[in-house]
Amino acid sequence: MTEHALNVIAARKTFFPGTADEKIALNDLSLSLAAGDFGIIIGSNGAGKSTMLNAISGALPLDSGQVLINGQDVTRTSVDRRAKHVARVFQDPMKGTAASMTIAENMLLAEMRQSPATLHKGLTKARRDRYRDLLAQLHLGLEDRLETQVSLLSGGQRQSLSLVMAVSGEPDLLLLDEHTAALDPRTAAIVLDATMRAVEALKLTTLMVTHNMQHAIDYGTRIIMLDAGRVKSDISGAAKAKCTVQSLVDQFAHKSDHMLLGA
Amino acid sequence: MDVFNLFLSLVPVTLAQSLILSFVVLAVMIPFRILSFPDLTSEGSYPLGGCVCAVALLAGIPPLLALALAAAAGFLAGVVTAVIHLRFRIHTLLAGILVTTMLYSINLRVMGKANLPIFGEAKIYDFFPFDLGSINYTKIIIAGLFALLVFVMLNLWFRTERGIAMRAVGSNPDMSEAQGISVWKATIGGVGMAGAFAAIGGGLMVQSQGFSDANMGLGILINALAALMIGEALVGKQTITRQLAAPFVGAFAYYQLISLCLAAGLPPSDLKIATGVFVLLMLAGPELRRAKGPRAAQEAFRE
Ligand SMILES: Nc1ncnc2c1ncn2[C@@H]1O[C@H](COP(=O)(O)OP(=O)(O)OP(=O)(O)O)[C@@H](O)[C@H]1O
Ligand SMILES: [Mg+2]
């Protein structure tokens, strides 16, 4: 097998199996990303996008199937031991940071993904300087507030911090789950812009979930559409360049037709 | 004026007591505030420390080593509570009550009877080479040195990478895990550490009072909680240094308050209800204020 950054092989996840609420969230889903791929994940509510990202990060164990990162089987590896490879930003700004700790301490936590915690002093001068430089790139003034508690930041500032934390240390895999959806349009644009610059500069292999079709068209190297727990279409290259908002929405429509016919 | 003089005369005694209590306050504070793991185990690990220490002294083990054995036993008690919660998803408070209840029997087994005098054995307080006129001053200096050492060490620890990782687990466990931190290790380490401190408190107490008693932990948790509330009200908890200072300041202020009440004529048997009402008021404070103003952010604790 050629070495991929990510392989999801026949992933299957059923919630509440054997009950009336049974829900097949991932239905033998398979997906591969080459190093440097930037996949934009689209699909209607409940298609399984978040579930797939949870399975990749290890937050959710699969019923069956496999997850390989850099060719290495991590299906049974816990979240904390996958963290060396995987960084995430969630939709909810509260989830990605430790609220009662300072900005600098949060930046240090992100650094621990790459190098496990030691008994050395955490916040050295060299680190503070580095964090200041990294945060300055956001132009939000966070670089002057290293000792501020994160709980005092706005949602947009927290999300920007989460992003900087996620891309620091150049993870093998960056997972973004509607990470600008909870922000006002201006802040969302700032965070998205910072995302694109980081992904491009560091050539990060990335999966980004969005409901914004224009973003799917403008950004990324692939558009991966999920439907009912599977990959419904995977568009890249020239085909992706030809996509329009209308053509993507039409694909959603097809699916709804299916549902109508199936009902 | 009588009340005041009586109060003053009690200061040396209460100071020694409060330095010992501050270890138990630490044992309440670390899980509660740093790990968001409200824990009652100290009610059991405090007498456990006392029992282990007394038995060790009677076996001829030197006082410092006896204290270390007590700490190890307390650490183990904390580990059991943490594992019960982590493995079986049992509420942290219930896990602590379970361990405390079981420890009562264990403590009796360790001692072989309910009360063990150690008047004749060498004590940690004998190390002090000078005679200050009163054993109370010696106790203050020895217990104070221990407290100072622990305060400094904890300040250093919670600034190391591992210490910061431990605090992160209390702040946001899911996020910490996503940063490669093991929630299990941090929780077990932190709650174990708290158990060790409670046991050291028990060991210092036993060596101070000259006997160990299976019932010596009764109500210690609420005393410690009251002290923590006072300490946090006095020095705050915005930074880790303040959070770590609160138990020591709180334990001191708490004992002065108690001694003032006693000097003013409050019967000792009413102390528990006074302390309980005080803790209740401190805990209810935010809720009472909220009834008027906008809802304050709820603190999230593990269940
Ligand atoms: N923890 C859970 N427990 C039970 N069911 C779940 C859980 N998480 C997801 N599901 C179900 O699995 C299905 C897929 O959910 P998922 O969150 O992956 O969808 P999504 O594509 O991310 O949707 P959205 O666009 O709304 O975020 C849904 O039907 C959902 O109800
Ligand atoms: Mg989702």
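Bear in mind the structure is a predicted one, so any value in this text is a computation, not a measurement.

**Student:** Tell me about the overall build of chain B, and name the residues and values.
**Tutor:** When its secondary structure is counted, chain B shows 11 helices and two strands. Tracing chain B from N to C terminus, the helices and strands come up as α-α-α-α-β-α-α-α-α-β-α-α-α. Relative to the globule expectation of 19 Å for 303 residues, the C-alpha radius of gyration of chain B, 19 Å, shows essentially globular dimensions. By principal-axis analysis of the C-alpha atoms, chain B measures approximately 55 × 50 × 35 Å.

**Student:** Account for the site of ligand 1, naming residues and giving values.
**Tutor:** All names here are of chain A. Around ligand 1, the surrounding shell consists of F15, K23, A25, G43, N45, G46, A47, G48, K49, S50 and T51. Among the elements of the structure, β2 (23-33) and α1 (49-57) are those that each provide at least two residues to the shell around ligand 1. Among the elements that take part in the shell around ligand 1, α1 stands out by supplying three residues, more than any other. Along the lines of polarity and charge, the residues of the shell around ligand 1 split into three nonpolar, six polar and two charged.

**Student:** Pulling in residues and values, what's your account of the packing of helix α3 (residues 63-88) of chain B against helix α4 (residues 92-111) of chain B?
**Tutor:** Residue and element names in this part refer to chain B. Where α3 meets α4, the axes come as close as 9 Å, and the angle between the chain directions of the two elements is 140°. As summarised for this structure, α3 and α4 are arranged oblique, according to the angle between their axes. With respect to the hand of their crossing, α3 and α4 are arranged in right-handed fashion. Residues A77, V80, T81, I84 and H85 of α3 pack against T92, A95, G96, L98, V99 and L103 of α4. Looking at the contact of α3 with α4 residue by residue, the class counts come to seven nonpolar, four polar and no charged.

**Student:** Outline the packing of helix α6 (residues 161-171) of chain B against helix α8 (residues 183-209) of chain B, listing residues and values.
**Tutor:** Packed helix pairs are specified by the crossing angle of their axes together with the interaxial distance, meaning the distance between the axes. Residue and element names in this part refer to chain B. Two elements in contact, α6 and α8, have axes whose closest approach is 9 Å; the angle formed by their N-to-C orientations is 100°. In terms of orientation, α6 lies roughly perpendicular with respect to α8. Between α6 and α8, the residues in contact are A165, M166 and V169 and V183, A186, T187, G189 and G190, respectively. For the contact of α6 with α8, the residue count by class is five nonpolar, three polar and no charged.

**Student:** Which residues make up the sheet that holds strand β5 (residues 72-73) of chain A, and what values do they have?
**Tutor:** Across a sheet, strands are paired by hydrogen bonds formed along the backbone, either parallel or antiparallel in direction. Residue and element names in this part refer to chain A. In spatial order, the strands read β2-β1-β4-β5; together these four strands make up an open sheet with antiparallel pairing. Each edge of the open sheet carries a strand with a single partner, namely β2 and β5. Where α1 meets the sheet, its contacts fall on β1 (6-15), β2 and β4 (64-69), and the angle it forms with β1 comes to roughly 115°.

**Student:** Describe the pairing of strand β7 (residues 173-177) of chain A, naming the residues involved and giving the relevant values.
**Tutor:** Residue and element names in this part refer to chain A. Extensive coverage of β7 is indicated by the burial of five of its five residues. The two faces of β7 match: L173, L175 and D177 on one face and L174 and L176 on the other face are all buried. Relative to β7, strand β6 (residues 86-89) runs parallel, the two sharing four bridges. What sits directly across from R88, in β7, is L175. As judged from the four bridges shared by β7 and strand β8 (residues 206-209), these two strands associate in the parallel manner. Paired with L174 across the two strands is T206, which belongs to β8. Note on the crossover from β7 through helix α6 (residues 185-202) to β8: the handedness is right-handed.

**Student:** Could you give an account of the environment of I124 of chain B, with specific residues and numbers?
**Tutor:** Residues and elements named next belong to chain B. With respect to the secondary-structure elements, I124 resides in the loop between β1 (115-117) and α5 (135-157). Exposure remark for I124: the 22 C-beta atoms within 10 Å place this residue in the buried category. In the structure, I124 is positioned 11 residues away from I135 in sequence and 12 Å away in space, judged by C-alpha atoms. Here I124 is in contact with P63, L64, L67, I142 and Q207, once residues within four sequence places are set aside.

**Student:** Talk me through the nonpolar core; I want residue IDs and the actual numbers.
**Tutor:** Residues and elements named next belong to chain B. In this structure, V24, V25, V28, V52, A70, A165 and A224 are the most contacted members of the largest nonpolar core, which totals 161 residues. The dominant element in this core, judged by the number of residues it contributes, is helix α1 (residues 2-34), at 15 residues. If we skip the residues at most four places from it in the chain, A224 touches L21, V24, V25, V28 and S42.

**Student:** So what's going on with the sheet that holds strand β9 (residues 222-227) of chain A? Residues and values would help.
**Tutor:** All names here are of chain A. The strand order β6-β7-β8-β3-β9-β10 describes an open sheet built from six strands, whose pairing is mixed. Edge positions in the open sheet fall to β6 and β10 (230-236), since each of these has one partner strand only. Averaged over neighbouring strand pairs, the angle between their axes works out to 20° when direction is ignored. With four bridges connecting them, strand β3 (residues 38-42) and β9 associate as parallel partners. Within β9, the position partnered with G39 by the bridge is R222. Sheet strands touched by α1: β3, β6, β7, β8 and β9. Its angle to β7, the strand with the most contacts, is close to 150°. In the packing of helix α5 (residues 155-167) onto the sheet, contacts are made with β6 and β7, and the angle to β6 comes to roughly 170°.

Parameters at a glance
- Residues numbered from 1 in each chain as written.
- Chains lettered and ligands numbered in written order.
- Predicted model: local features only at pLDDT ≥ 70, side-chain atom pairs only at ≥ 80, totals over all residues.
- Helix = DSSP H or I, 4+ residues; strand = E, 2+ residues; numbered from the N terminus.
- Rg over C-alpha atoms; globule rule 2.2 N^0.38 Å.
- Near = placed C-beta within 6 Å.
- Nonpolar A, V, L, I, M, F, W, Y, C, P; charged D, E, K, R; others polar.
- Axes fitted to C-alpha atoms, helices over the stretch in contact; angles between N-to-C directions.
- Parallel < 35°, antiparallel > 145°, perpendicular 65-115°, else oblique.
- Left-handed = near helix turned anticlockwise from the far one by under 90°.
- Contact = placed C-beta atoms within 7 Å.
- Pairing = 2+ DSSP bridges.
- Buried ≥ 20, exposed ≤ 12 C-beta atoms within 10 Å, placed from the backbone.
- Right-handed = clockwise from strand over helix to strand, strands pointing away.
- Core = buried A, V, L, I, M, F, W, Y, C linked by C-beta atoms within 7 Å.

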